[in-house]
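Chain residues, written in single-letter form:
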Amino acid sequence: MSAEQASFLLARDSLLANEVSSGLHRIRRRGYQRYVLWKNFIDFSLLWKRRWFIIAMFLGFALMTAPTPAGLTHQGQIVLCMSLISTILFASEAVPLPTVPLLIIVGEVVLLGIDPTVVAQSLMTDSVLFIMGSLMLAVAVVKQRLDKRIAWWIVRITGTNLYAISFGLVVVCGLLAAFIGEHTVAAMMLPVGVTLISLTSNEPTKVRNVAAVLLFSICYGCSIAGVATPSGGARNAIMISYWKSLFFNPEDPATNRYIMDYLHWALYAFPMFLLRLPFVTLLLAWTFKPETTDMTRSIARLRTQVAMQGPMRGSEWMTILIFGVTITAWVGFSQHLGLGTIAIAGTAAFLIFGLVRWEDINAGVNWGVIWLYAAAISLGVEMKATGAAEWVAHSMLHGMQAVNANGLFPFNFTISVLTIFVSNTMTAGAAVAVLAPIVLNTAVASGHDPLATGFLSAISSAFGYLTPAAQPAFTIVYASGYLKASDFMKIGVRMMILSFMVLMLLAQYYWPQLS
């Protein structure tokens, strides 16, 4: 053996030899090495970021496995837990919001045992088609740059102060939404708000509060007027239908008051819009404290861009014509064709006339928001199908009777709070559909006027201000990407308290005069 070979073997045997350290020390060292190795695979910052997701899951599954309350089915218990988990995830933004509808769909199949085909069918309703079509129409309006002309028409009246522009948006949106539906107006006015924001700054983070004031002006302008007339929202038509089916008797003239016409609905509900109108901008200014109130520079840019566009082109007039025909069809034919079908037809017309490309629509529509709204409707269907919503309603009403709260104010208070709670877990139309038979029959049993109780429930269902999915107008505006889900919670609580106080005053002092 040569000297080189001996040196090599010595070095090799030294490397392969067992460690001299004691067994315990060796185990500790190897344990630490494995810890370091696993630490490289685990992102602890992500775990902290997802803490509310983990809490929501633990809480939800703990409540699912708890004993089922009397009168509630186990399926209903699961649906209520799913609603609680969804609400926590919506409010905390622990995961990207489109994740929530995906989890709802999986939960309906896995936890509730519903056939996947049935779940898929519950996702695509006319309302979802309407949301999708409205977002597509908004893309077409932006493509033709009509949003800048509409924004210019508004600021020529309001001036350049942010609060004046906010008030102008609330008034314009409200007056339109009172007659042609809040969904439609939100889709029309969203490009206007986005235009004003984008002209204020190219960096959205620098004008985040300005964006919140402008976009929530559109949201609440639409929302507060949606209860003013029967055509303002589906909830109104549902309640009118219940009054007729439950209380109208053709052989009794005294029951003619339950055939609600357009004017009488407006006499009851229009003051709700007018009384809240002056407070919306004040609440927004108090809540978001905008970075600037002087919009002079952005308005000057807007004026320059409108001037550079020159006179109205043929394609812009065609855009106005198609949009006008679509709105007219919504008002006149939606009962037969459905709002969603008309919205899709309007989008098809834009594509046929070459006013927008499919690539533009595909890039401009927030498809995650559509999933969000579809899953919320699907969960609302299960709330009704499993009896969960009815159990919540009966529990609250039994509690009211237990404390002997049968006077007018306690009764109105309970009905309104009950409706607000349910409408924040499902859409307003679904909430009214579930609660109307319960609250109307309870009103008769308690000696209260079912007409006033119906108005109370229908209007309270519009107070679902806490999540983007609570109202279609909110969903459409949320799709702009300028707002967070937590913003809806932040302003929604204050708006809910204001609306509740105004409603209680009307129910206590104004409506008895009409009866």
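Keep in mind the model is a prediction, meaning the values are calculated, not measured. (Residues numbered from 1 in each chain as written. Predicted model: local features only at pLDDT ≥ 70, side-chain atom pairs only at ≥ 80, totals over all residues. Heavy atoms only, no water.)

Enquirer: Looking at this structure, how should I read the overall build of the chain?
Expert: A tally of helices and strands in the chain yields 25 helices and 0 strands. Burial statistics for the chain: of 515 residues in total, 50% are counted as buried. Counting every atom, the chain has about 24100 Å² of accessible surface; 66% of that belongs to carbon and sulfur. (Helix = DSSP H or I, 4+ residues; strand = E, 2+ residues; numbered from the N terminus. Buried < 20%, exposed > 50% of the residue type's maximum accessible area, 1.4 Å probe, protein only. Areas by Shrake-Rupley, 256 points an atom, 1.4 Å probe, with all protein chains shown as cover.)

Enquirer: Would you mind showing me how to read the state of the cysteines here?
Expert: Such a bond, covalent and formed between the sulfur atoms of two cysteines, is termed a disulfide. What the rule picks out here adds up to 0 disulfides. Summary of cysteine pairing: Cys219 is not part of a disulfide, and the nearest cysteine sulfur, belonging to Cys222, is at 7.3 Å. Under the relative-accessibility criterion, Cys219 is labelled buried at 0%. (Disulfide = S-S within 2.5 Å.)

Enquirer: Teacher, can you tell me more about helix H6 (residues 99–110) here?
Expert: In an α-helix, one turn spans 3.6 residues; hence positions three or four apart end up facing the same way. Between its first and last C-alpha atoms H6 spans 16 Å; for 12 residues at 1.5 Å apiece the expected length is 16 Å, and the two agree. Within H6, the full set of buried residues consists of Val100, Pro101, Ile104, Ile105, Gly107 and Glu108. All buried residues of H6 lie within an arc of 165° about the axis, which places them on one face of the element. (Expected span 1.5 Å × (residues − 1). Arc of directions from axis to C-beta.)

Enquirer: How should the side chain of Asp360 be read in this particular structure?
Expert: Position of Asp360 relative to the elements: it lies in helix H18 (residues 358–364). Judged by relative accessible area, Asp360 falls into the buried class, the value being 17%. Residue contacts for Asp360: discarding those within four places in its chain leaves Val139 and Lys143. (Contact = heavy atoms within 4.5 Å.)

Enquirer: Would you mind showing me how to read the nonpolar core here?
Expert: Considering soluble globular proteins, one finds that nonpolar side chains tend to be buried as a cluster. Leu214, Phe216, Tyr220, Trp243 and Trp511 are the most contacted members of the largest nonpolar core, which has 162 residues in total. Ignoring anything within four residues of it in the chain, the contact list for Leu214 reads Leu162, Ile165, Leu169, Leu196, Ile197 and Met295. (Core = buried A, V, L, I, M, F, W, Y, C linked by side-chain atoms within 4.5 Å.)

Enquirer: Explanation requested: the packing of aromatic side chains in the structure shown.
Expert: What characterises a pair of aromatic rings is the spacing of the ring centres plus the angle enclosed by the ring planes. Inspection of every chain in the model, using the stated rule, returns 19 aromatic pairs. Geometrically, the ring pair formed by Phe216 and Phe488 is edge-to-face, given 5.0 Å between the ring centres and 70° between the ring planes. With a gap of 272 residues between them, Phe216 in helix H12 (residues 208–225) and Phe488 in helix H25 (residues 485–514) connect regions that are remote in the sequence. With a centroid separation of 5.6 Å and 90° between ring planes, the pair formed by Phe270 and Phe273 is classed as edge-to-face. Linking Phe270 with Phe273, this pair stays in helix H14 (residues 262–288), spanning 3 residues, or about one helical turn. Taken together, the ring pairs connect Phe216, Tyr220, Phe288, Phe463, Tyr465, Phe474, Tyr478 and Phe488 into an aromatic cluster. Its end group placed over the ring of Tyr258, Arg257 keeps NZ or CZ at 5.3 Å from the ring centre. (Phe/Tyr/Trp six-rings, centres within 6.5 Å; stacked < 30°, edge-to-face > 60°. Lys NZ or Arg CZ within 6 Å of the ring centre and 35° of its normal.)

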